[in-house]
Amino acid sequence: MAFLQKLYNKLPPFARNYYFLFVLGFLLWMLFFDSNDLYSQYKLRAKLRDLENQKEYYLEKIEEVKKDRQELFSNNELLEKFAREKYLMKKPTEDIYVIVEE
């Protein structure tokens, strides 16, 4: 107990103040021990940046798909080619043979 008393007496007067100690303890708690500490905030910001980059990528892809869709529906020959290749559609008088490469 005497050791703590000597340590307490060596502190500057402002550090012996109850409010200073309370604020110091509160700051330490908020910076290191709370669920929203600095490390968690850093991880959340990194995740946010990553998600924003993904958002930009997907918005670009949406624009590409819209452009392709517009082009596809404006050209009947292209639409027919797409339907035949992708969905294996055919005319009633045609037969389709699917060749699977091994």
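Let us look at the structure shown here.

## Some thoughts on the pattern of salt bridges
Line of reasoning, step 1. Taken as a whole and judged by the stated rule, the model has four salt bridges.
Line of reasoning, step 2. Residue glutamate 80 pairs with lysine 91 through a salt bridge whose shortest N-O separation is 3.9 Å. A residue pair is termed long-range when its members are at least 10 positions apart, and glutamate 80 in helix 4 (residues 76-87) and lysine 91 in the segment after helix 4 qualify at 11 residues.
Line of reasoning, step 3. Given the relative accessible area of 37%, glutamate 80 is considered partly exposed.
Line of reasoning, step 4. Take lysine 91: its relative accessible area is 42%, and that puts it in the partly exposed class.

## Here we look at the packing of aromatic side chains
Two descriptors summarise a pair of aromatic rings, namely the distance from one centre to the other and the angle between the planes of the rings.
Line of reasoning, step 1. Taken as a whole and assessed by the stated rule, the structure comprises five aromatic pairs.
Line of reasoning, step 2. Relative to phenylalanine 33, the ring of tryptophan 29 has its centre 5.6 Å away and its plane inclined at 40°; by these criteria the two rings are tilted. With a gap of four residues between them, tryptophan 29 and phenylalanine 33 both fall in helix 2 (residues 18-33), about one helical turn apart.
Line of reasoning, step 3. For phenylalanine 33, a relative accessible area of 57% corresponds to the exposed category.
Line of reasoning, step 4. Geometrically, the ring pair formed by tyrosine 57 and tyrosine 58 is edge-to-face, given 5.1 Å between the ring centres and 70° between the ring planes.
Line of reasoning, step 5. Tyrosine 57 gets classed as partly exposed once you look at its relative accessible area, which sits at 43%.

Thresholds, definitions, all that
Residues numbered from 1 in each chain as written. Predicted model: local features only at pLDDT ≥ 70, side-chain atom pairs only at ≥ 80, totals over all residues. Heavy atoms only, no water. Salt bridge = Lys/Arg side-chain N within 4 Å of Asp/Glu carboxyl O. Helix = DSSP H or I, 4+ residues; strand = E, 2+ residues; numbered from the N terminus. Buried < 20%, exposed > 50% of the residue type's maximum accessible area, 1.4 Å probe, protein only. Phe/Tyr/Trp six-rings, centres within 6.5 Å; stacked < 30°, edge-to-face > 60°.

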